[in-house]
Amino acid sequence: MPKQHEGTVVQITGPVLDIRFPDGELPELLNAIHVDNGGKPLTVEVAQLIGDNVARCIAMSSTDGLVRGAKAVDTGGPITVPVGKECLGRIFNLLGEPVACIPYLGYFAAWVQNPPGSLIAIGAGVFLLEEKHSLTPEEYVLVQELFGHPICSGDTATKILWLRRHEPKIYAKTAYFLTGSSFLTARLTGKYVIDQSLAKGSFRPLYQADGSVNEAECGLYCRPDQIAACAWSTDIVGTVTLEAAAQTGLAAGTPVITGTGDSTAEAISVGLVEPGTAFFQYGSSMFYYYCTDHFVGNYVSPQGNGALKGGKAFTVPGTYCLGDGTNAAGTLTRWVRDLLYSKELDAEKQGGENAYAVMAREAAAVPPGSDGLIMLPYIYGERSPLQDAEATGMLFGLKGTHGRAQINRAALEAVGYSTYQHLLLFEELGVPPRRIITAGGGTKNAAWMQIICDMAGMPLTIPELFQCSSYGDAMLAALGVGALESFAALRAALPQGRILQPDRKNHEFYQEHYPIFRDLYLENRD
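Residues numbered from 1 in each chain as written. Predicted model: local features only at pLDDT ≥ 70, side-chain atom pairs only at ≥ 80, totals over all residues. Heavy atoms only, no water.

**Q** So what's going on with the overall build of the chain? Which residues, and what values?
**A** Secondary structure summary: the chain contains 18 helices and 23 strands in total. The 526 residues of the chain split such that 52% are buried. When contacts within the chain are restricted to residue pairs at least 6 apart in sequence, long-range pairs at least 24 apart make up 68% of them. Roughly 23,000 Å² of accessible area belongs to the chain as shown, and the carbon and sulfur atoms make up 54% of that amount. (Helix = DSSP H or I, 4+ residues; strand = E, 2+ residues; numbered from the N terminus. Buried < 20%, exposed > 50% of the residue type's maximum accessible area, 1.4 Å probe, protein only. Contact = heavy atoms within 4.5 Å. Areas by Shrake-Rupley, 256 points an atom, 1.4 Å probe, with all protein chains shown as cover.)

Below you can see the structure in the form of structure tokens.
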């Protein structure tokens, strides 16, 4: 068995990790590294050796909650995945772990028979590291115009290109490049379709604005017949075949719609179906969708409020959508919990009160402004609206009279200020929201949601817990079969949820203090 060397995480930029090892103990390229993410296993793959005994790695799952200093162990070998006939009919994650058992279609052998270290999603990160940075400034501008934004790990075309360049044998065996929903629809009906929103967003530049294949650009990445046809998410594209019925237990002839991605389905489930509606999800990070009635391109605020990535066509016909996320929200509150509420966390593990419940209660008792304490939430760098992987967190105005309750509330207000910053950007674009919806684990913290509401200065709708991706899929299916006649009818059929009202005095306070939050970053960035 190869000797397992131990290193330390020294830098985290989204899915990219830099890990330093002792002299003479650097891992080989493509080795699998096991990282301790607060008790949760995280596997990363070595993509580059960048000097100073540092290995640059690509994470195979979320790095939310990971902190510098975490221990990392070199396994001494690459990621391995199962191969052979026993794998047929199964869907595997990046580590070769089965996540579903679906009868084998015959066209997806390349997805489950990859040699170690060559999975498609790994290729996306390697493409970014090896090839994005080799572009000249002029080439980079052209690529950004082509993709509508800087190349990122969400771009499917770059993954396909990496596979074509680095794994030509696997590429040659691949008949289709599909999303998960497209795969399932194909298995059920034999039809290859994709939600036009996903196609014109994640698959750029492989599709034209009208949903047809962009044959002029497609040739660099794949053949036009290797990608699915565009359709609306609610279109009935076929029915369950006899073969699929026998394999799944579904009734033959059952209508099947195109479907969509999980995040989009969740957005639909809570009522993001008309322009002027903003949807903020507060989980490990904050992610937003904002529905508009026209296309909005990349935007940089002249007032220093950050920047927004350009939007794309949305799954609701005639609408468009902006969407992006931060690097921290729940991970910031977790950092506060682990640092300042360890006693409560230990008590929780022994059956006591949830530590987050204690934190919420203490935060609610602190007045707006956290007694003069302001926090910047960029402890893991920042995506939207800064797009600055080197951004850092900060506590400003710390005094001896401050305790954990003030730091706790300042963290909640930091995420609130970031949300407010996005709302200001929408206003600068001339598309101020008329309605705000929130969801995610953060909605359990009533103090946090009231802070968000006060900062926004408008009512905040919190949906029911059952309004999730599967609920949204069901509503889209209801539209598809005619049980609901329109997206307006869909919204009318949704539960009202819980509605918070803003405190005007608190809103004015936060408006007055927001420039301090903004300028702390602007004046202290490298």
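**Q** Describe the side chain of threonine 156, naming the residues involved and giving the relevant values.
**A** Note that threonine 156 resides in helix α4 (residues 156-166). Setting aside residues no more than four positions away along its own chain, threonine 156 makes contact with Ser202 and Phe203.

**Q** Please provide a residue-by-residue account of the pairing of strand β18 (residues 320-325), values included.
**A** As paired elements, strand β14 (residues 286-292) and β18 share six bridges and run antiparallel to each other. Each bridged residue has a counterpart across the sheet, and for threonine 292 the counterpart in β18 is tyrosine 320. Alignment of strand β17 (residues 312-313) against β18, held across two bridges, turns out to be antiparallel. Its bridge partner being in β18, lysine 312 is matched across the sheet by cysteine 321. Once β17 ends, the chain turns through six residues before running back antiparallel as β18, passing glycine 318 with a positive phi of about 85°. (Pairing = 2+ DSSP bridges.)

**Q** Pulling in residues and values, what's your account of the pattern of salt bridges?
**A** In a structure, side chains of opposite charge can pair up when their charged atoms sit close to one another. This structure, assessed with the given rule, holds 11 salt bridges. Arginine 361 is the salt-bridge partner of glutamate 353, the closest N and O atoms lying 2.8 Å from each other. Residue glutamate 353 is classed as partly exposed on the basis of its relative accessible area of 41%. A salt bridge links arginine 409 to glutamate 413; the shortest N-O distance between them is 3.1 Å. In this pair, arginine 409 and glutamate 413 are both assigned in helix α14 (residues 404-428), four residues apart and thus about one turn of the helix distant. On the basis of relative accessible area, arginine 409 is assigned to the buried category, the value being 6%. For glutamate 413, a relative accessible area of 2% corresponds to the buried category. (Salt bridge = Lys/Arg side-chain N within 4 Å of Asp/Glu carboxyl O.)

**Q** An account of the sheet that holds strand β23 (residues 498-500) is requested, with residue identities and associated values reported.
**A** With respect to topology, seven strands assemble into an open sheet ordered β17-β18-β14-β13-β21-β22-β23, the strand pairing being mixed. The open sheet has two edge strands, β17 and β23, and neither has a second partner. Along the sheet, helix α15 (residues 446-456) contacts β13 (277-282), β21 (435-439), β22 (460-462) and β23; its crossing angle with β22, the most-contacted strand, is approximately 150°. (Axes fitted to C-alpha atoms, helices over the stretch in contact; angles between N-to-C directions.)

**Q** Can you explain the packing of aromatic side chains? Please cite residues and give values.
**A** Within the structure shown, the criterion is met by 20 aromatic pairs. When the centroid spacing of 6.0 Å and the interplanar angle of 55° are considered together, the rings of tyrosine 282 and tryptophan 448 count as tilted. With tyrosine 282 in strand β13 and tryptophan 448 in helix α15, this residue pair connects regions lying 166 residues apart in the sequence. A single burial state applies to tyrosine 282 and to tryptophan 448, both of which are buried. (Phe/Tyr/Trp six-rings, centres within 6.5 Å; stacked < 30°, edge-to-face > 60°.)

**Q** An account of the confidence of the model for the chain is needed here, citing residue identities and associated values.
**A** Looking at the chain as a whole, its pLDDT mean stands at 86, while 87% of the residues score no less than 70. Scored below 50 in pLDDT, residues 100-134 makes 98 contacts in the model with residues more than four places away or belonging to other chains. (pLDDT = per-residue confidence, 0-100.)

**Q** Please give an account of the packing of helix α11 (residues 330-340) against helix α13 (residues 355-364) that cites residues and values.
**A** In contact at an axis separation of 11 Å, α11 and α13 are set at 100° when each is read in the N-to-C sense. As the angle between them shows, α11 and α13 are arranged roughly perpendicular. Residues Thr333, Arg334, Val336 and Arg337 of α11 form the contact with α13, whose participating residues are Ala355, Tyr356 and Met359. Its residues placed into classes, the contact of α11 with α13 shows four nonpolar, one polar and two charged. (Parallel < 35°, antiparallel > 145°, perpendicular 65-115°, else oblique. Nonpolar A, V, L, I, M, F, W, Y, C, P; charged D, E, K, R; others polar.)

**Q** An account of a nonpolar patch on the surface is needed here, citing residue identities and associated values.
**A** A cluster of nonpolar residues, Leu26, Leu29, Leu30 and Leu49, forms a patch on the protein surface that exposes about 320 Å² of accessible area. On the basis of relative accessible area, leucine 29 is assigned to the partly exposed category, the value being 48%. (Patch = residues over 30% accessible without salt bridge, like charges linked within 9 Å, V, L, I, M, F, W, Y side chains within 5 Å.)

**Q** Give a detailed account of unusual backbone geometry, specifying residues and quantitative values.
**A** For the bond from arginine 204 to proline 205, the omega torsion is 5°, close enough to zero to count as cis. Summarising the element assignment, proline 205 is placed in the loop between α7 (196-202) and α8 (215-218). The amide bond that connects serine 384 to the next residue, proline 385, takes the cis arrangement and shows omega of 5°. You can see proline 385 is positioned in the loop between β19 (374-376) and β20 (394-396). The phi dihedral of serine 370 is positive, around 50°, even though this residue is not glycine. With respect to the helices and strands, the residue serine 370 is situated in the loop between α13 and β19. For aspartate 371, which is not glycine, the phi dihedral falls at a positive 55°. Along the chain, aspartate 371 falls in the loop between α13 and β19.

**Q** Can you explain the environment of lysine 444? Please cite residues and give values.
**A** Structurally, lysine 444 is set in the loop between β21 and α15. Assessed through its relative accessible area of 71%, lysine 444 is described here as exposed. Between the alpha carbons of lysine 444 and alanine 357 there is a distance of 8.8 Å; along the sequence they are 87 residues apart.

**Q** How would you explain α15 if you had to name every residue and give the values?
**A** Of all 11 residues in α15, nine are buried, a share of seventy percent or more. By the burial criterion, the buried members of α15 are Ala447, Trp448, Met449, Ile451, Ile452, Cys453, Asp454, Met455 and Ala456. One side-chain oxygen at the N-terminal end of α15 lies 3.2 Å from the backbone nitrogen of alanine 447; it belongs to asparagine 445. Where α15 terminates, the next one or two residues include glycine 457, which has phi positive at roughly 75°. (Polar contact = N/O pair within 3.5 Å; in protein donor to acceptor, adjacent residues only side chain to side chain.)

**Q** Describe in detail the packing of α11 against α14, supporting the description with residues and values.
**A** Running from N to C, α11 and α14 cross one another at 170°; their axes reach a closest spacing of 9 Å. Taken together, α11 and α14 sit at an angle that is classed as roughly antiparallel. On α14, the residues that touch Leu332, Thr333, Val336 and Leu340 of α11 are Arg404, Ile407, Asn408, Ala411, Leu412, Ala414 and Val415. Along the lines of polarity and charge, the residues of the contact of α11 with α14 split into eight nonpolar, two polar and one charged.

**Q** So what's going on with the layout of surface pockets? Which residues, and what values?
**A** Estimated volume of the second largest pocket: approximately 370 Å³. Within the residue set of the lining of the second largest pocket, elements represented by two or more residues are α11, α13 and α14. When residues of the lining of the second largest pocket are assigned to their parent elements, the largest contribution, five residues, is made by α11. In the lining of the second largest pocket, the residues fall into seven nonpolar, 10 polar and four charged. (1 Å grid on protein atoms, 1.4 Å probe; cavity = no way out; pocket = protein on both sides within 12 Å on 5 of 7 lines; lining within 4 Å. Points joined across faces, edges and corners; volume = space filled by probe spheres on them.)

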